[in-house]
Amino acid sequence: MAKVTEAVAALALPAVEAAGCTLWDVEYVKEAGVWFLRLYIDKEGGVSIDDCEAVSRPVSDLLDEADPIEGSYTFEVSSAGADRALKKPEHFEKFRGEAVEVKLYRPREGRKEFVGRLQNYQDGAVTLEINGDETVFTKQEIALVRLYLRV
């Protein structure tokens, strides 16, 4: 689905920027038998419902016009969220030094979830500082990396 998300990102980017937002991510996934196309947007100070609407309407029109996806799907525009997933190198760079949660496919030291300060990201590997020690997680181990919100 990389080609679909890349095509949609290129199509949507001017409309997202015209609304004063940045494009965080594009997701095209099948859930419970239904395809969803989701744009995640970000904005300094936070994203409002009005921001989502300001992006949704023009991008929906562009998608109808360009028709880059065969078949039906549900289109959604959403905030990237405070606990957003970090996927791209620029995401990791932006949040270097912040608290993140790394979820693994398989347990390491009996655990699948680790929280620490993001120190580095290189070729998919993530380095966290956990209790004063640096721990490296390889791309192959990592299921998800997201900002960690303290409760």
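Just so you know, these numbers come straight off a predicted model, no measurement behind them.

## Some thoughts on the overall build of the chain
Moving on, step 1. The helix and strand tally for the chain stands at three helices and eight strands.
Moving on, step 2. With respect to the three principal axes, the spread of C-alpha positions in the chain is 50 × 35 × 30 Å.
Moving on, step 3. Considering the chain as a whole, with its 151 residues, one finds that 36% of them fall into the buried category.
Moving on, step 4. Long-range pairs, those at least 24 residues apart, make up 50% of the contacts in the chain between residues at least 6 apart in sequence.
Moving on, step 5. Accessible surface, the chain as shown: approximately 9200 Å² in total, 48% of it carbon and sulfur.
Moving on, step 6. For the chain, the distance from the average site of its 19 positive side-chain charges to the average site of its 28 negative ones is 6 Å.

## Digging into the layout of surface pockets
Moving on, step 1. One number sums up the size of the largest pocket: a volume of about 240 Å³.
Moving on, step 2. A total of four residues in the lining of the largest pocket trace back to one element, the largest contributor, which is strand 8 (residues 142–147).
Moving on, step 3. Class assignment of the residues belonging to the lining of the largest pocket gives a composition of nine nonpolar, one polar and two charged.

## Some words on the nonpolar core
Moving on, step 1. In this structure, Val8, Leu37, Leu39 and Val59 are the most contacted members of the largest nonpolar core, which totals 19 residues.
Moving on, step 2. Of all the secondary structure elements, the ones that give two or more residues to this core are helix 1 (2–18), strand 1 (22–31), strand 2 (34–42), helix 2 (49–66) and strand 3 (74–79).
Moving on, step 3. Per-element accounting of this core gives the leading share, five residues, to helix 1.
Moving on, step 4. When near neighbours in sequence (up to four residues on either side) are disregarded, Leu39 contacts Val8, Ala12, Leu23, Asp25, Val26, Val55, Val59, Phe75, Glu76, Val77 and Ser78.
Moving on, step 5. Formed by 18 residues, the second largest nonpolar core is a distinct cluster that contains Val100, Phe114, Leu118 and Phe137.

## What to know about the packing of aromatic side chains
Two aromatic rings are characterised by how far apart their centres lie and by the angle between their planes.
Moving on, step 1. Taken as a whole, this structure holds four aromatic pairs when the rule is applied.
Moving on, step 2. Centroid distance Trp24 to Phe95: 6.1 Å. Interplanar angle 70°. Geometry classified as edge-to-face. Of this pair, Trp24 sits in strand 1 while Phe95 sits in the loop between helix 3 (89–94) and strand 4 (99–108), and the two are 71 residues apart along the sequence.
Moving on, step 3. Of the residues examined, Phe95 reaches a relative accessible area of 14% and is grouped as buried.
Moving on, step 4. Over the ring of Trp24 we find Arg84, and its NZ or CZ is 4.7 Å from the ring centre.

## Describing the side chain of Asp51
Moving on, step 1. One can find Asp51 in helix 2.
Moving on, step 2. In contact with Asp51, other than residues within four places in its own chain, are Cys21, Ile41, Lys43 and Gly46.

Reading the values: the criteria
- The numbering scheme is per chain: residues are counted from 1 as the chain's sequence reads.
- Reporting of local features is limited, given that this is a predicted model, to residues whose pLDDT is at least 70; pairs of side-chain atoms are given and counted only at 80 or more, and all residues count toward the totals for whole chains, interfaces and linings.
- The side-chain values count all of the structure's non-hydrogen atoms but skip hydrogen atoms and water molecules.
- Secondary structure elements are defined from DSSP: runs of H or I of at least 4 residues count as helices, runs of E of at least 2 residues count as strands, and each element is numbered from the N terminus.
- Between buried and exposed lies partly exposed: a residue is buried under 20% and exposed over 50% of the maximum accessible area for its type, with that area taken using a 1.4 Å probe on protein chains only.
- Two residues form a contact once any of their heavy atoms are found within 4.5 Å.
- All accessible-area figures derive from a Shrake-Rupley calculation using a 1.4 Å probe, and residue coverage is judged against the displayed protein chains alone.
- For the charge count, each Lys or Arg is scored as positive and each Asp or Glu as negative, with His and the chain ends excluded.
- Just so you know, the charge point we use is NZ for Lys, CZ for Arg, CG for Asp and CD for Glu.
- In this analysis, the protein atoms alone were mapped onto a 1 Å grid. Cavities are point sets where a 1.4 Å probe fits without being able to get out; pockets are open sets with protein on both sides within 12 Å along at least five of seven lines; lining residues have an atom within 4 Å of a point.
- Grid points are joined across faces, edges and corners, and a volume is the space filled by probe spheres set on the points.
- Under this grouping Gly is polar, as are all residues other than the nonpolar Ala, Val, Leu, Ile, Met, Phe, Trp, Tyr, Cys and Pro and the charged Asp, Glu, Lys and Arg.
- In this description, a nonpolar core means a group of buried Ala, Val, Leu, Ile, Met, Phe, Trp, Tyr and Cys residues linked to one another through side-chain atoms lying within 4.5 Å.
- Ring pairs shown here join Phe, Tyr and Trp side chains whose ring centres sit within 6.5 Å, with only the six-membered ring taken for Trp; geometry is labelled stacked below 30 degrees between planes, edge-to-face above 60, and tilted in between.
- For a lysine, the NZ atom is tested; for an arginine, the CZ atom; a charge sits over a ring if that atom is within 6 Å of the ring centre and within 35 degrees of the ring normal.

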